[in-house]
Amino acid sequence: MSSRRVLMVSPHFPPDTSAGAHRVRLLAPYLAEFGWEPTVMTVETSAYEGRLDPDLARLVPAGLRIVRARAWSPGRTRWLGIGDLGLRSFHGLKHACEELLRQERFDALFITIYPTYTALLGPILKRKYGLPFVLDYQDPWVGSWGLDAGPGGVPDFKSKVSRAIAARLEPIAARSADALTAVSARTYEDVLARIPDARPRTCAAIPLGVDVTDLAALRQTSRRHPCFDAADGHVHVSYVGTLLPKGHAIAQSVCVALARIRERHPDLFERLRVHFIGTSNQRDSRSQPCALPMAEAAGVSAIVDEMAARVDYLDALDAQAHSHAILLLGSSEPHYTPSKVFPALLTGRPVIAVYHEASPVLEILRRETHARVITVGDDGPGERQVEEIAAALRWAVTAPVRVRSESRDDVLQAWSARTLAGQLARVFDDVAAAQMCEATLALGQA
């Protein structure tokens, strides 16, 4: 049986280092095993801001078909206040998709967000070419940004306007979607609650997952992370990834817990070194530390350091692989399912996780025998959580550092890129079959 074909639109894609680049990078290479031949539609590398990551691009299989569309450069649009890649690439992606769809047959269209404006291509291309359209959410389109979060943690005029625009545009895309996929069920459930007249044929929760071959690729490189010396005799505990405004209270509770350890167990405190790595979503001098001021306020900055600038994916994975334990810090938003969970599990290091009690990642983490899981409610962390974090940090000092063994592959199998690609292929099967049934019915009535 010949493979059906899917056009996957993702403006962020390697060598771009944004978090959004990994969704299609992980899923596309395995779709052919489940009967779907992918073509990735993305943008020219000149459209990306900041330094590119050629090592990340080398993780993309050579046989994966990638088409790059034109986009306005940020240098041409920043003076107008437009930096969003979705806006800068919209015309170029539309033109490139239409040119491709005129020349070739595709059986489904998949568009992932962020950026969000790209999702509006879905209704346009579906209407013009009759393609079933799958809209994928990596993060909420209409969330806390501009409502109770913004730059510096406080909504400003621009974030409020952005949210208002999102609230007007999201229904256009969601009502047209034949299927909704998202990193968590809560994410697409919130979409349906916001837009009750959106009626996708199917919905599926497909986590971000991990490709187990990434760790092998890391071992084949000569890179060494610049964050700390794992052999200096200290116990290194690392948080790797963006620290979002909604997660600041949890990070503060970690610093308060460190202060408790300093007071009660000074010998353990002296052995600890806590690293916050890549906490900003910026890769340059605009990156401002946010965890270090919290450590200073708690009086524990002597053992805490922060590298605010965003780091390359393999550098982030390397830092986790060399840590004695890994911090996974969520936020006050229940839907939050950060991609950093899966690389942390891949490394096999002990994990200290602090998440909202309704977060879907808890199901994953509670299966891990080498994880200490602490939950918070809507009000955020309190005294109980601080004590639990302090206890988990003490455990990290004495816990044996383990390395992932091959026997744990079955644990990761449920969250592997191959397994998740199979789930996505079933979504494509559903919408393509429904499209065929409708076409057959229409032909019979003609």
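From a predicted model like this one, the values you see are computed outputs, not experimental measurements.

1. A closer look at the overall build of the protein chain
Then, number 1: Counting its regular elements, the protein chain contains 17 helices and 13 strands.
Then, number 2: Split into buried and exposed, the 446 residues of the protein chain put 56% on the buried side.
Then, number 3: A separation of at least 24 residues holds for 76% of the contacts in the protein chain among residues at least 6 apart in sequence.
Then, number 4: Surface accessibility of the protein chain: about 19000 Å² in total, with carbon and sulfur atoms responsible for 53%.

2. What about the nonpolar core?
Most often, soluble globular proteins keep nonpolar side chains buried together rather than apart.
Then, number 1: Leu-7, Leu-31, Met-41, Leu-135, Tyr-137, Trp-141 and Phe-428 are the most contacted members of the largest nonpolar core, which has 68 residues in total.
Then, number 2: Setting aside residues no more than four positions away along its own chain, Leu-31 makes contact with Val-6, Met-8, Trp-36, Pro-38, Ala-421, Leu-424, Ala-425 and Phe-428.
Then, number 3: The next biggest cluster of nonpolar side chains, apart from the first, holds 41 residues, and it includes Leu-243, Ala-325, Ile-389 and Ala-392.

3. Here's the deal with the packing of aromatic side chains
Then, number 1: A complete count under the given rule lists four aromatic pairs for this structure.
Then, number 2: Aromatic pair Tyr-239 and Phe-276: ring centres 6.0 Å apart, planes at 45°, arrangement tilted. Separated by 37 residues along the polypeptide, Tyr-239 in strand 8 (residues 235-240) and Phe-276 in strand 9 (residues 272-277) bring together distant segments of the chain. Exposure class is identical for Tyr-239 and Phe-276. Each is buried.
Then, number 3: Counting every residue linked through ring pairs, the aromatic cluster contains Trp-36, Phe-110 and Phe-428.
Then, number 4: Across from the ring centre of Phe-106, 4.3 Å away, lies the NZ or CZ of Arg-5, which sits over that ring.

4. Notes on the pairing of strand 12 (residues 351-356)
Then, number 1: Taking burial as the measure, the six residues of strand 12 include six buried ones, the bulk of the element.
Then, number 2: Across four bridges, strand 11 (residues 325-329) lies against strand 12 in parallel orientation. By the bridge assignment, Leu-328 is partnered in strand 12 with Ala-353.
Then, number 3: In this structure, strand 12 lies alongside strand 13 (residues 371-376), joined through six bridges in parallel fashion.

5. Notes on a nonpolar patch on the surface
Then, number 1: Taken together, Phe-157, Val-161 and Ile-165 make up a surface patch of nonpolar side chains, about 290 Å² in accessible area.
Then, number 2: Within the fold, Val-161 resides in helix 6 (residues 157-176).
Then, number 3: Taking the relative accessible area as the measure of exposure, Val-161 reaches 33% and is therefore partly exposed.

6. Overview of the pattern of salt bridges
Then, number 1: Inspection of every chain in the model, using the stated rule, returns 20 salt bridges.
Then, number 2: The residue Lys-128 makes a salt bridge to Glu-98 at a minimum N-O spacing of 3.4 Å. Placement of Lys-128 in helix 5 (residues 121-129) and of Glu-98 in helix 4 (residues 85-103) is noted, with a sequence separation of 30 residues between them.
Then, number 3: For Lys-128, a relative accessible area of 51% puts it in the exposed group.
Then, number 4: The exposure class assigned to Glu-98 is buried, which follows from its relative accessible area of 8%.
Then, number 5: The partner of Arg-175 in a salt bridge is Asp-197, and the shortest N-O contact between them spans 2.9 Å. One end of the pair, Arg-175, is in helix 6; the other, Asp-197, is in the loop between helix 7 (185-194) and strand 7 (202-205), with 22 residues separating them in the sequence.
Then, number 6: We classify Arg-175 as partly exposed; its relative accessible area is 47%.
Then, number 7: A network of salt bridges, in which partner residues are shared, links Arg-260, Arg-264, Glu-383 and Glu-387.

Conventions adopted
Residues numbered from 1 in each chain as written. Predicted model: local features only at pLDDT ≥ 70, side-chain atom pairs only at ≥ 80, totals over all residues. Heavy atoms only, no water. Helix = DSSP H or I, 4+ residues; strand = E, 2+ residues; numbered from the N terminus. Buried < 20%, exposed > 50% of the residue type's maximum accessible area, 1.4 Å probe, protein only. Contact = heavy atoms within 4.5 Å. Areas by Shrake-Rupley, 256 points an atom, 1.4 Å probe, with all protein chains shown as cover. Core = buried A, V, L, I, M, F, W, Y, C linked by side-chain atoms within 4.5 Å. Phe/Tyr/Trp six-rings, centres within 6.5 Å; stacked < 30°, edge-to-face > 60°. Lys NZ or Arg CZ within 6 Å of the ring centre and 35° of its normal. Pairing = 2+ DSSP bridges. Patch = residues over 30% accessible without salt bridge, like charges linked within 9 Å, V, L, I, M, F, W, Y side chains within 5 Å. Salt bridge = Lys/Arg side-chain N within 4 Å of Asp/Glu carboxyl O.

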